[in-house]
Each structure stands twice: as structure tokens, then as C-alpha cells.
There are 2 protein chains.
Amino acid sequence: MNIGDVSTRSGLPAKTIRYYEDIGLIKPHRSNNGYRCFVEADLHKLAFLGRARALGFTIEECRLLMALYEDESRASGDVKQLALEHLRKIEAKIADLQAMRETLTELVQCCAGDSRPDCPILKDLAGQTELPKQGVKA
Amino acid sequence: MNIGDVSTRSGLPAKTIRYYEDIGLIKPHRSNNGYRCFVEADLHKLAFLGRARALGFTIEECRLLMALYEDESRASGDVKQLALEHLRKIEAKIADLQAMRETLTELVQCCAGDSRPDCPILKDLAGQTELPKQGVKA
DNA sequence: CTTGACCTTCCCTTGACTGGAAGCCCCATG
DNA sequence: CATGGGGCTTCCAGTCAAGGGAAGGTCAAG
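Here we summarise the structure given alongside this text. Quantities reported herein were computed from a predicted structural model and do not represent experimental measurements.

## Some words on the protein's contact with DNA strand D
- Not every one of the 19 residues close to DNA strand D is listed here, only the nearest: Tyr35(A), Arg36(A), Lys15(B), Thr16(B) and Tyr20(B).
- Of what DNA strand D places within 4 Å of the protein, 67% of the atoms are sugar or phosphate.
- At a separation of 2.9 Å, a phosphate oxygen of DNA strand D approaches a polar backbone atom of Gly4(A).
- Note that a phosphate oxygen of DNA strand D is positioned 3.2 Å from one of the side-chain N or O atoms of Arg30(A).
- Every element with two or more residues in the surface near DNA strand D is listed here: α1 (3-10) and α2 (14-22) of chain A together with α2 (14-22) of chain B.
- Per-element tally for the surface near DNA strand D: the top contributor is α2(B), with four residues.

Next up, the structure:
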């Protein structure tokens with residue numbers, strides 16, 4: 001299989017597949033003409049990576065997950081711990097974003113949004129807040 | 001005011017303040033010794049930027065917001081539109097993360113997390129899913 | 001005079017790719 | 001046999017919003 005086929009079948013861009021080789025996540029063979037030559041196992045790994053990335057795992061976490069996957073004597077507890085840590089990070093991000101959403105929603109509701117210059121959103125950003133609740137979140 | 005004071009008072013790292021000057025968001029004067037010399041207006045702008053960034057606006061959005069802030073004849077509708085677009089993006093991100101959270105939570109719940117190698121999380125990532133609901137999200 | 005804190009510029013690194021240029025390789029058509 | 005097009009290769013640069021650190025100038029205190 002050439003990279004184009006693998007790209008189609010895995011859903012990953014060819015660029016991304018080359019990048020994954022660069023950073024040592026996969027090691028496809030080469031044909032005589034220098035083309036990368038993928039076997040089913042490579043495709044399988046790429047699919048694994050694609051799914052892990054879609055779940056938000058970082059590349060380094062993916063590397064660990066792959067190592068665990070290939071280690072027949074792994075402890076499922078190690079995998080679970082990795083997944084739990086990742087879950088915590090995701091939940092923290094969600095909380096951050098929800099806080100932003102709340103503040104923004106309030107501000108948007110307070111703004112007339114017409115052709116007049118008076119704007120509570122800008123006032124808030126400038127620190128001349130008219131809303132009692134709003135605080136800066138570093 | 002030197003950069004250290006401004007950093008303390010604005011809560012932004014000195015590096016960030018220099019960066020903001022680099023990209024033209026602020027234009028502090030210089031003292032004879034070459035040190036940046038900030039006035040209250042600069043501090044004010046930096047606080048504005050800090051708050052806008054804390055709400056997740058990109059640097060370019062901040063640039064627009066600052067321009068609107070400084071434009072006495074702005075229409076609050078323009079500000080509101082910017083904020084609304086940003087709000088949409090935040091909501092989209094939250095939705096993505098929530099989908100990840102759901103999938104991960106399920107997977108974590110299915111995993112015994114002990115010393116045995118059998119692991120539904122890895123199975124799912126490998127595409128040998130045991131959960132009927134799980135699908136790959138590009 | 002020296003020490004230490006503060007400031008300057010400059011360049012490199014981050015994460016996870018993406019874009020583009022320059023140049024092979026291979027197959028099919030004229 | 002030339003040529004055209006698509007696919008493949010490598011390498012370099014850019015993204016976003018800074019952060020790290022080196023090399024060196026400045027200033028106030030002791």
C-alpha cells in the first residue's frame with residue numbers, strides 16, 4: 001500500500017502520516033523506488049492513533065497507549081489511569097470554557113447591538129464593569 | 001513605569017507585554033536608557049487585553065475589540081456580533097469536549113483497572129469495540 | 001567597586017500539524 | 001519516444017500565543 005491508499009483507508013491526511021513516521025509512531029517499510037510501503041499492521045496502528053487523537057489524547061499519550069497496546073503483559077490499571085488523567089484535563093477545559101460562555105452570554109445579553117456606540121461588552125473589557133458578578137480569570 | 005511594574009499591575013508576564021508590543025497591540029514610549037516607559041493608558045490597554053484573552057478571544061479579535069473600543073463612533077452591534085461569533089466557537093468546543101468526555105467516561109467505566117492485561121479502552125482504540133455506541137469522530 | 005535586580009534584544013522551542021516548492025517515479029496516451 | 005498528469009519524495013516555513021534562556025546593558029544600594 002502506498003501512502004495515498006493508507007490515507008484514504010485511515011482517514012488521516014498523508015501529511016499527518018508522514019509526520020507520525022517522523023516522530024516515530026509508525027515505521028513503514030520502503031519500496032525500491034523510495035515510496036513508503038504500508039502493511040495492514042501499519043494501517044491498524046494509524047487507525048488506533050486516529051481514534052486516540054479524536055478522543056483528545058496528546059501525541060505523547062498516544063505513544064504510551066500504543067506501547068501499552070503492544071505490551072501483552074500490561075496492566076489495564078495503567079491504561080485506565082492514563083484515561084482518567086486525560087478525562088480530568090478534559091473536564092477542566094470544559095469548566096474553563098463554560099465559565100467563558102457564561103460571562104460572554106451575560107455580556108451579549110446586556111448589549112443592545114444596535115448602531116449606537118454605547119456597549120457594555122467593551123465597558124466590561126475596559127474594567128468599567130456594570131455587571132456586579134464579572135471578575136477577571138487569569 | 002517600567003515593564004516590571006506594569007507586569008505586576010496588569011497580571012501579564014513581561015514576556016507577554018513585550019510580545020504585545022511586537023505585534024503592535026501597544027506602543028509604549030522609551031526612556032533614554034532604552035527601557036520601555038509605560039503610562040496609565042498602556043496599563044489600561046493591557047488590562048483590556050488580559051480580560052479579552054481570558055474570555056478566549058484570539059489576538060486578532062482582541063485587536064478588533066481594541067479598535068472598536070477606541071472608535072468613539074462604533075456601533076455596539078459590531079461588538080455584539082464579534083462576541084456572538086466567539087460565543088458560537090466556544091459552544092462548539094464545549095460540545096466537542098463533552099462528546100470526548102462521554103466516550104471516555106464510558107470506556108473508563110468498562111475497564112477493570114487492575115493488573116490484568118484485558119482492557120476495553122485499548123480494544124476500543126484498536127477498533128475492536130465492545131461498546132455498541134462508540135464511533136470515531138474525525 | 002561590586003553585587004544583584006532589572007532591563008534589553010535575539011533566537012529557539014512548544015504541539016500537531018499544514019502548505020508549498022522542487023524534484024523523482026510511473027503509467028498512459030499521442 | 002515524448003509528454004503529461006498524478007502520486008510520491010524531501011525539506012523548509014508557517015501557524016498561535018507565547019515561554020525559555022543567553023548575552024549583555026543599566027541602575028540603586030551597600
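## So, the relation of the copies chain B and chain A
- Superposition of chain B onto chain A requires a rotation of 180° combined with a translation of 0.0 Å along the rotation axis, giving an RMSD of 0.1 Å. The transformation relating the two chain copies, once decomposed into turn and shift, fits a two-fold axis. Taking C-alpha positions as reference, the residue of chain B nearest the rotation axis is Ile94(B), located at 2.9 Å.
- Taken together, the interface assignments show that 100% of the residues at the interface of chain B recur at the interface of chain A, consistent with an identical surface on both copies.

## Here's the deal with the protein's contact with DNA strand C
- Around DNA strand C there are 19 residues in total, and Lys15(A), Tyr20(A), Arg53(A), Gly4(B) and Arg36(B) lie nearest to it.
- When atoms of DNA strand C within 4 Å of the protein are split into backbone and base, the sugar-phosphate part holds 68%.
- Measuring from a phosphate oxygen of DNA strand C, one finds a side-chain N or O atom of Tyr20(A) at 2.6 Å.
- Ile59(A) has a polar backbone atom sitting 3.4 Å from a phosphate oxygen of DNA strand C.
- Every element with two or more residues in the surface near DNA strand C is listed here: α2 of chain A together with α1 (3-10) and α2 of chain B.

## Observations regarding the environment of Ser76(B)
- The residue Ser76(B) is located in helix α5 (residues 76-110) in this model.
- A relative accessible area of 0% places Ser76(B) in the buried class.

## A short note on the state of the cysteines
- Scanning the model with the defined rule gives zero disulfides over all chains in all.
- Free cysteine Cys62(B): the closest other cysteine sulfur is in Cys119(A), separated by 14 Å.
- Classification of Cys62(B) by relative accessible area gives buried; the value is 0%.
- Of the cysteine sulfurs around Cys110(B), a residue in no disulfide, the closest is that of Cys111(B), at 8.7 Å.

## So, the pattern of salt bridges
Residue and element names in this part refer to chain A.
- Per the stated rule, a full pass over the model turns up 18 salt bridges over all chains.
- Across the pair Glu-60 and Arg-63 runs a salt bridge, and its minimum N-O distance is 3.0 Å. In this pair, Glu-60 and Arg-63 are both assigned in helix α4 (residues 59-70), three residues apart and thus about one turn of the helix distant.
- Residue Glu-60 is classed as partly exposed on the basis of its relative accessible area, which comes to 45%.
- Since its relative accessible area comes to 30%, Arg-63 is described here as partly exposed.
- One salt bridge connects Asp-118 with Lys-123, and the closest N-O pair in it is separated by 2.7 Å.
- By relative accessible area, which is 23% here, Lys-123 ends up partly exposed.

## Some points on the interface of chain B and chain A
- Taken residue by residue, the interface counts 54 residues in chain B and 54 residues in chain A.
- Overall, the association of chain B and chain A removes approximately 4700 Å² of surface from exposure, summing both partners, and the carbon and sulfur fraction of that is 73%.
- For the chain B face of the interface with chain A, the top three residues by lost area are Arg51(B), Leu122(B) and Leu125(B), together amounting to 15%.
- Applying the counting rule to chain B against chain A returns zero salt bridges.
- Viewed at the interface, chain A and chain B are joined by 20 residue pairs in polar contact (both at pLDDT 80 or more).
- Contributing elements (two or more residues each) for the side of chain B that touches chain A: α3 (40-54), α4 (59-70), α5 and α6 (120-125) of chain B.
- The leading source of residues in the side of chain B that touches chain A is α5(B), at 21 residues.
- Looking at the side of chain B that touches chain A, its residues break down into 30 nonpolar, 12 polar and 12 charged.

Conventions and cut-offs
- Residues numbered from 1 in each chain as written.
- Chains lettered and ligands numbered in written order.
- Predicted model: local features only at pLDDT ≥ 70, side-chain atom pairs only at ≥ 80, totals over all residues.
- Heavy atoms only, no water.
- Near = heavy atom within 4 Å.
- Polar contact = N/O pair within 3.5 Å; in protein donor to acceptor, adjacent residues only side chain to side chain.
- Helix = DSSP H or I, 4+ residues; strand = E, 2+ residues; numbered from the N terminus.
- Least-squares fit on C-alpha atoms with pLDDT ≥ 70 in both.
- Contact = heavy atoms within 4.5 Å.
- Buried < 20%, exposed > 50% of the residue type's maximum accessible area, 1.4 Å probe, protein only.
- Disulfide = S-S within 2.5 Å.
- Salt bridge = Lys/Arg side-chain N within 4 Å of Asp/Glu carboxyl O.
- Buried area = accessible area lost by both parts, 1.4 Å probe.
- Nonpolar A, V, L, I, M, F, W, Y, C, P; charged D, E, K, R; others polar.

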